[in-house]
Amino acid sequence: MWASTRRLPVDVWLEPLVIVVVGVGFITWHALTDFTANELAQLNSSVLVDTIIAHIKLTAAAAVVVLAIAIPLGIILTRPSMKRFAPIAVGLGNIGQAAPAVGLLVLLTFALGTGFRTAVLGLIVYAVLPILQNTIAGLRQVDQRVIEASRGIGYSARRTLFQVELPLAVPVILNGVRTALVILVGTATLSTFIGATSLGTLITTGITVFLPKVLIAGAVLVALLALIVDWIGRMVEYFATPKGMR
């Protein structure tokens, strides 16, 4: 058992240790700190849990849509008849990510109003590129000789895609998914500027009303959530990768 643990990549076992240390530290700080009435309005347990859940819902909703768009689109753009459109799609994705997140959300607000749906749409635009780009890159790096060999033994194009190309591209694709999820967790904090509840509410409240403890709590919780999401993504990436490619 110890030998198998030593063979694990460092980040697979080190990151959860960091998460536990930070999480226990935050819980201890929250339990032992005396808060003012204004601070308690944001940091009492029930409000804090509701805020964390709201942030997770916002991130999860955007992530589901991004995955549903970016991976199938990346697959389509690697097919021979559609390859010529790949640079256009990646270019549009670059425009979406290059735009300042706050500016993008404000522009969407003018068009769609404030609230949860507008925030989700802004996050989708901002997070499509890493998954799309990695899906295309992952499928393109599959050795053409392997694809030709699978077709030579009678596999259809569809079967080759699902049983040969995608399994070999999984590490690269999932790395893009991890990147996008961390981007979503961080960028979701900005949704507070357009009326969507998130951990960004704690950060902006801490700054505008000068409540350092609220500001620190918001920043630590966002960082902790990003670490958790990144580690879950890393575990999925590790166990979904064929053993010979780890």
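Residues numbered from 1 in each chain as written. Predicted model: local features only at pLDDT ≥ 70, side-chain atom pairs only at ≥ 80, totals over all residues. Heavy atoms only, no water.

1. Some thoughts on the overall build of the chain
When you go through the chain residue by residue, the secondary structure sums to eleven helices and zero strands. The order of α-helices and β-strands along the chain, N terminus first, is α-α-α-α-α-α-α-α-α-α-α. Projecting the C-alpha coordinates of the chain onto the three principal axes gives extents of approximately 70 × 55 × 25 Å. Here the chain, with 246 residues, has 43% of them falling under the buried criterion. Long-range contacts, defined here as pairs at least 24 residues apart, represent 74% of the contacts in the chain between residues at least 6 apart. The averaged location of the 10 negative side-chain charges in the chain is 12 Å from the averaged location of its 17 positive side-chain charges. (Helix = DSSP H or I, 4+ residues; strand = E, 2+ residues; numbered from the N terminus. Buried < 20%, exposed > 50% of the residue type's maximum accessible area, 1.4 Å probe, protein only. Contact = heavy atoms within 4.5 Å. Lys, Arg positive; Asp, Glu negative; His and termini not counted. Charge placed at Lys NZ, Arg CZ, Asp CG, Glu CD.)

2. Concerning the side chain of T109
Mapped onto the elements, T109 comes out in helix α6 (residues 101-112). Apart from residues no more than four positions distant in its own chain, T109 is found in contact with T114, T118 and I194.

3. Some details on the environment of T160
The residue T160 is located in helix α9 (residues 157-187) in this model. Owing to a relative accessible area of 1%, T160 belongs among the buried residues under this scheme. When residues no more than four places from it in sequence are discounted, the contact partners of T160 are I147, S150, R151, Y155 and E165. In this structure the side chain of T160 is engaged in a polar contact, spanning 3.2 Å, whose partner is the side chain of S150. (Polar contact = N/O pair within 3.5 Å; in protein donor to acceptor, adjacent residues only side chain to side chain.)

4. Thoughts on the packing of aromatic side chains
Both the distance between ring centres and the angle between the ring planes are used here to describe each pair of aromatic rings. In this structure the tally under the stated criterion is three aromatic pairs. Seen in terms of ring centroids, W29 and F35 are 5.6 Å apart; in terms of plane orientation they differ by 75°. Their pairing is edge-to-face. When the ring of Y238 is compared with that of F239, the centres are 5.1 Å apart and the planes differ by 85°; the resulting orientation is edge-to-face. Joined through ring pairs, the aromatic side chains of F26, W29 and F35 make up one cluster. The side chain of R159 reaches across the aromatic face of Y155, ending 4.0 Å from its centre. (Phe/Tyr/Trp six-rings, centres within 6.5 Å; stacked < 30°, edge-to-face > 60°. Lys NZ or Arg CZ within 6 Å of the ring centre and 35° of its normal.)

5. Points about helix α5 (residues 86-98)
Its 13 residues place the ends of α5 18 Å apart at the C-alpha level, agreeing with the 18 Å of an ideal helix rising 1.5 Å per residue. Of the positions making up α5, those classed as buried are A86, A89, V90, G93 and G96. All buried residues of α5 project into a common sector of 115° when viewed along the axis, lining one side. Residues of α5 that are exposed and point more than 90 degrees away from the buried face comprise P87, I88, L92, I95 and A98. The secondary structure elements touched by the buried residues of α5 are α6 and α7 (116-140). (Expected span 1.5 Å × (residues − 1). Arc of directions from axis to C-beta.)

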